Amino acid sequence: MTPLPNNPTAGESRGGSSPGREANSWVLKLKLEVSLLHQLYVLAQTESLILEEKEFSELEKVVSRKKAIVEDLGRQPDFSQLSEPERRLELSEMSVQDRETLAGLKREAQHLLKALERVEERNLQTLKDLRAGSLASLQDLSLLKGLSQAYQPTRFSSSQVFDRTE
């Protein structure tokens with residue numbers, strides 16, 4: 001059996017850990033991941049509000065916090081990294097209650113991931129729309145500047161007028 005993440009290798013003692021402790025460990029790890037996904041989802045919704053209100057001063061903070069959470073999620077051990085026989089062994093050593101808890105947490109995580117994906121897609125589209133609008137505004141400003149310069153009367157100083165009439 002290959003080693004479990006953050007656990008002793010297969011040939012080493014688990015320090016008296018029981019199957020219940022291993023199951024509890026996986027339940028706690030998955031609860032942490034679900035908690036991080038909740039935080040990420042709330043931040044994505046906050047980002048939506050910032051984009052809608054065009055309060056961009058807060059956007060960098062939110063994006064930075066989201067990035068930190070994604071990094072935390074990436075550091076979490078992943079039950080799916082175990083081989084199929086290892087997963088079966090881990091699951092067989094768990095109580096029915098722990099397996100049900102894991103299954104519920106997995107469903108919650110999947111639901112959060114789908115909801116998060118929808119919010120992030122909407123945020124991306126909003127950013128694209130804002131960008132296109134900004135580019136159009138810049139083009140409009142450039143055009144208006146050119147037009148205003150074309151219609152401004154030439155200003156002469158009185159000495160220029162006087163010099164031409166002599």
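That block above? That's the structure.
Residues numbered from 1 in each chain as written. Predicted model: local features only at pLDDT ≥ 70, side-chain atom pairs only at ≥ 80, totals over all residues. Heavy atoms only, no water.

**Description of the nonpolar core**
Worth spelling out the cut-off: Only buried residues count toward a nonpolar core. Its members are Ala, Val, Leu, Ile, Met, Phe, Trp, Tyr and Cys residues joined through side-chain atoms within 4.5 Å. Think of it in three bands: residues with accessible area under 20% of the maximum for their type are buried, residues over 50% are exposed, and the middle band is partly exposed, with areas taken using a 1.4 Å probe on protein chains only. Here a strand is any run of E in DSSP of at least two residues, a helix any run of H or I of at least four, and the numbering for each starts at the N terminus.
Core analysis: the largest hydrophobic core is formed by 12 residues, namely Leu36, Leu40, Leu43, Ala44, Ile50, Leu51, Leu59, Val62, Ile69, Leu116, Val119 and Leu130. Elements with a minimum of two residues in this core: α1 (19–53), α2 (59–75) and α4 (96–150). When residues of this core are assigned to their parent elements, the largest contribution, six residues, is made by α1.

**Here we look at the packing of aromatic side chains**
We apply this condition: Aromatic contacts are taken between Phe, Tyr and Trp rings whose centres are within 6.5 Å, Trp giving its six-membered ring; a plane angle under 30 degrees counts as stacked, one over 60 as edge-to-face, and the others as tilted. The criterion for a charge sitting over a ring is simple: Lys NZ or Arg CZ within 6 Å of the ring centre, and within 35 degrees of the ring normal.
By the definition in use, this model includes zero aromatic pairs. When the ring centre of tryptophan 26 is taken as origin, the NZ or CZ atom of lysine 29, which lies over that ring, is 4.8 Å away.

**Some details on the environment of leucine 37**
What counts, and what does not: Contacts between residues were defined by any pair of non-hydrogen atoms, one from each residue, lying within 4.5 Å.
As for its placement among the helices and strands, leucine 37 is situated in helix α1. Taking relative accessible area as the criterion, leucine 37 reaches 7% and is therefore assigned buried. Along the sequence, leucine 37 and histidine 111 sit 74 residues apart, while their C-alpha atoms lie 10.0 Å from each other. If sequence neighbours within four positions are ignored, leucine 37 has contacts with Leu73, Ala109, Leu112 and Leu113.

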